[in-house]
Amino acid sequence: MSIMPDATETEVHRLHEAAQKVREELACAREFVPAYLPEQREIIASHMLICQDPKLLQGAVEYIREQSMNAVWALEKTGESLCAAFRAIDDPYLRERVQDIRTVIGRIQSCLYGDKYIASEQETPAVLLAEELSPVDAIELKLERLLSLVTVEGGQATHTAILARSLHIPAVVGVPGLLESSREGELVIVDALKGCIYLEPDETELAEFVRRQEEYSHWREQVRRSAYLPAETLDAVRIEVQANIEEAKECEAVLESGAEGIGLCRTELAYLKGKSLPTENVLYEEYRTIAQSLAPARVIFRTLDLGADKMSEQQQELREANPDLGLRAIRYCLRHQDVFRTQLRALLRAGAHGNVAVMLPMITGIQELETSRRIINEVATELCAEGMPCDPHIPVGVMIEVPAAVMIADALAREVDFFSIGTNDLIHYLLAIDRRNTHVAYLHEPLHPAVVRAVKHVIDCAHHEGIGVSICGELAADPYCLPIFLGMGVDVLSASPQRVPILKHLARKLRKEDCTELAHSVLMTTDVAAANRMVTEALFELLREEVDFHFTMIHTS
């Protein structure tokens, strides 16, 4: 732990060098995050910022110089002080940042030791058993060799679970006693549907799961071949299935998926890539490429949903203590109208090359909507006056993702062309939970009566005014929610391109009449457990051959 006084500056240099190396590794890992996983990219970006946090580095430097500590121990002591300070804060969001700090410190310490990340060296297909994985750890795994994932910590709404679902990796999270009861190299069956694992299964269990695995492969091939068929129920009710994307290079995957347009094009990536804000022409070229690639299908671009939690490097002075309740999305755009107008100009210009619509995030009141519409009209007038090709009558919709928007959905529906329900944030705000917080992950209940009744209210308000409504949050890709949304009358589901064929396939196996009856039963109950039970029983009754395919069998790592 101690070093000679004349070695302190060498140790300070090693510390800064290790922190910079980890930051570069994180930046590299962020580039490999699939575009449909923006939350993972944001988490990695926050870890990059911790690597250069003055409180962390300067605190460690003081320990090195004043107490002749080596860099590893100096980081440990500084980390203890920082984490203690964060744990003492009343704000639960800030308290949860302790884990991020510990993760980054661990990576820098490993770099100082000269250690490599052990999971990245796996050479054979394996199940990975772990205490927990950070998003960076998961991205660094060789995914082609990761057959399944099981962790001790976490819930269905944690980073690991969300990432696993998005990458189609069978996973079971939150298994206490896992590491103590398992051994490296033993056989294990991972039943991701039922959320359990079988250590050293007997021959009967093994034969059964091998059979299921073969059936699953056959089922996936059927789904792939039918991707371009419409999502029409057995009683001839049609629902559109669209894709969520983040950049133009995903358009090919959208076209191959059979998606009927883009229900959510996130536009934040261009603002997070560099050290300066993107120009109008840079944005226009990106938007035009997407619009032309999908034409004549509609592409809905969500305007900038940046805030204090996701600011690009030149704007770090705006970082906030509680970004989820701060200056984000439409609030940020209306405060920084120069940024907003630049993006709108690019979007309206792209509208001349395809079927483009604009969607405003985090709307909480009519005044925000009216101000946004006024700015859009002013931008359209400017472009027309300049003789610039554009769509001056571009359709405008809003994201319904906060309780305030739910409560005034009737008024909002009279002012816009469409609704899109963002279930991720809607659940977050309705149930007052951070889905990234493992301590309250169990409260993330999609079938909570507040959630299902809010969604139904929004749908009813939209249809009363003759406008369409889509679901574009993570629940849109959840087969358990599909019959509920169908029964409620949702017009569009929008999910990652990888999920589109499965949603269309499952929709063709359902009857709208059965879904309406199920949705009514769920809406009438106030018991979350009862609602989950009803949906599970209905799915096994209606889709028994389909929902029985989420299993894998391989060896542990």
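Residues numbered from 1 in each chain as written. Predicted model: local features only at pLDDT ≥ 70, side-chain atom pairs only at ≥ 80, totals over all residues. Heavy atoms only, no water.

(A) Looking closely at the overall build of the protein. Within the protein, the regular secondary structure consists of 25 helices and 14 strands. Every one of the 557 residues in the protein was classed for burial, and the buried ones make up 55%. Across the protein, contacts joining residues at least 24 apart in sequence account for 66% of those joining residues at least 6 apart. Here the protein displays about 24,300 Å² of accessible surface, and carbon together with sulfur accounts for 52% of that area. (Helix = DSSP H or I, 4+ residues; strand = E, 2+ residues; numbered from the N terminus. Buried < 20%, exposed > 50% of the residue type's maximum accessible area, 1.4 Å probe, protein only. Contact = heavy atoms within 4.5 Å. Areas by Shrake-Rupley, 256 points an atom, 1.4 Å probe, with all protein chains shown as cover.)

(B) Geometry of the sheet that holds strand β3 (residues 171-173). Taken together, three strands build an open sheet; the order of strands is β1-β2-β3 and the sheet is parallel. At either end of the open sheet lies a strand with only one pairing partner, and these are β1 (126-130) and β3. The average angle at which neighbouring strand axes cross in this sheet is 15°, direction not considered. Sheet topology places β1 next to strand β2 (residues 146-151); five bridges connect them, and they run parallel. Counted as the bridge partner of A126 is L146 from β2. (Pairing = 2+ DSSP bridges. Axes fitted to C-alpha atoms, helices over the stretch in contact; angles between N-to-C directions.)

(C) The packing of helix α1 (residues 8-31) against helix α3 (residues 54-67), seen in detail. The interhelical angle for the contact between α1 and α3, taken along N-to-C directions, is 160°, at an axis separation of 9 Å. The angle between α1 and α3 falls in the class roughly antiparallel. Two packed elements cross with a definite hand, and for α1 against α3 that hand is right-handed. The residues of α3 that touch α1, namely those facing T8, E9, E11, V12, L15, H16 and A19, are L57, A60, V61, I64 and R65. Residue composition of the contact of α1 with α3, grouped by class: seven nonpolar, two polar and three charged. (Parallel < 35°, antiparallel > 145°, perpendicular 65-115°, else oblique. Left-handed = near helix turned anticlockwise from the far one by under 90°. Nonpolar A, V, L, I, M, F, W, Y, C, P; charged D, E, K, R; others polar.)

(D) Geometry of helix α15 (residues 337-350). End to end, α15 covers 20 Å across 14 residues, agreeing with the expected 20 Å (1.5 Å per residue, within 8%). The buried fraction of α15 is high, at 10 of 14 residues. Listed as buried for α15 are V339, F340, Q343, L344, R345, A346, L347, L348, R349 and A350. In the core, the buried residues of α15 are packed alongside α12 (269-273), α13 (280-294), β8 (298-302), α14 (330-335), β9 (355-360) and α16 (366-385). (Expected span 1.5 Å × (residues − 1).)

(E) Examining the environment of H505 more closely. By secondary structure assignment, the location of H505 is in helix α22 (residues 500-507). Along the chain, H505 and S226 lie 279 residues apart, while their C-alpha atoms are 7.2 Å from each other.

(F) Fine view of empty space enclosed by the protein. Taken as a whole and assessed by the stated rule, the structure comprises three cavities of 30 Å³ or more. The space that makes up the second largest cavity amounts to roughly 50 Å³. Every residue along the wall of the second largest cavity is listed here: P446, L447, V451, V452, V455, L475, C481, I484 and F485. Of all the secondary structure elements, the ones that give two or more residues to the lining of the second largest cavity are α20 (449-464) and α21 (482-488). For the lining of the second largest cavity, the element with the most residues is α20, which contributes three residues. Each residue belonging to the lining of the second largest cavity can be placed in one class, and the counts come to nine nonpolar, no polar and no charged. (1 Å grid on protein atoms, 1.4 Å probe; cavity = no way out; pocket = protein on both sides within 12 Å on 5 of 7 lines; lining within 4 Å. Points joined across faces, edges and corners; volume = space filled by probe spheres on them.)

(G) Layout of the nonpolar core. Residues I290, L360, I400, F419 and I421 are the most contacted members of the largest nonpolar core, which totals 107 residues. With residues up to four places along the chain from it excluded, the contact list for L360 reads T303, I330, F340, L369, S372, V396, G397, V398 and M399. (Core = buried A, V, L, I, M, F, W, Y, C linked by side-chain atoms within 4.5 Å.)

(H) Main features of the environment of A409. The residue A409 is located in helix α18 (residues 409-413) in this model. For the pair A409 and F419, spaced 10 residues apart in sequence, the C-alpha to C-alpha distance is 9.1 Å. Once you skip the residues sitting within four places of it in the chain, A409 turns out to touch F419, H457, V458 and C461.

(I) Spatial organisation of the pairing of β1. The buried count for β1 comes to five of five residues, which makes it a mostly enclosed element. Residues of β1 alternate between two faces, with A126, L128 and A130 on one and V127 and L129 on the opposite face, all of them buried.

(J) Geometry of the sheet that holds β8. Sheet architecture is closed into a barrel: eight strands sit in the order β6-β7-β8-β9-β10-β11-β12-β13, paired in parallel fashion. For this sheet, the mean angle separating the axes of adjacent strands, direction not counted, is 30°. Pairing geometry for strand β10 (residues 396-400) and strand β11 (residues 418-421), over four bridges, is parallel. Paired with M399 across the bridge in β11 is S420. Across the sheet, α13 is in contact with β6 (240-245), β7 (262-265), β8 and β9; its angle to β8 comes to roughly 155°. Where α22 meets the sheet, its contacts fall on β6 and β13 (492-495), and the angle it forms with β6 comes to roughly 165°.

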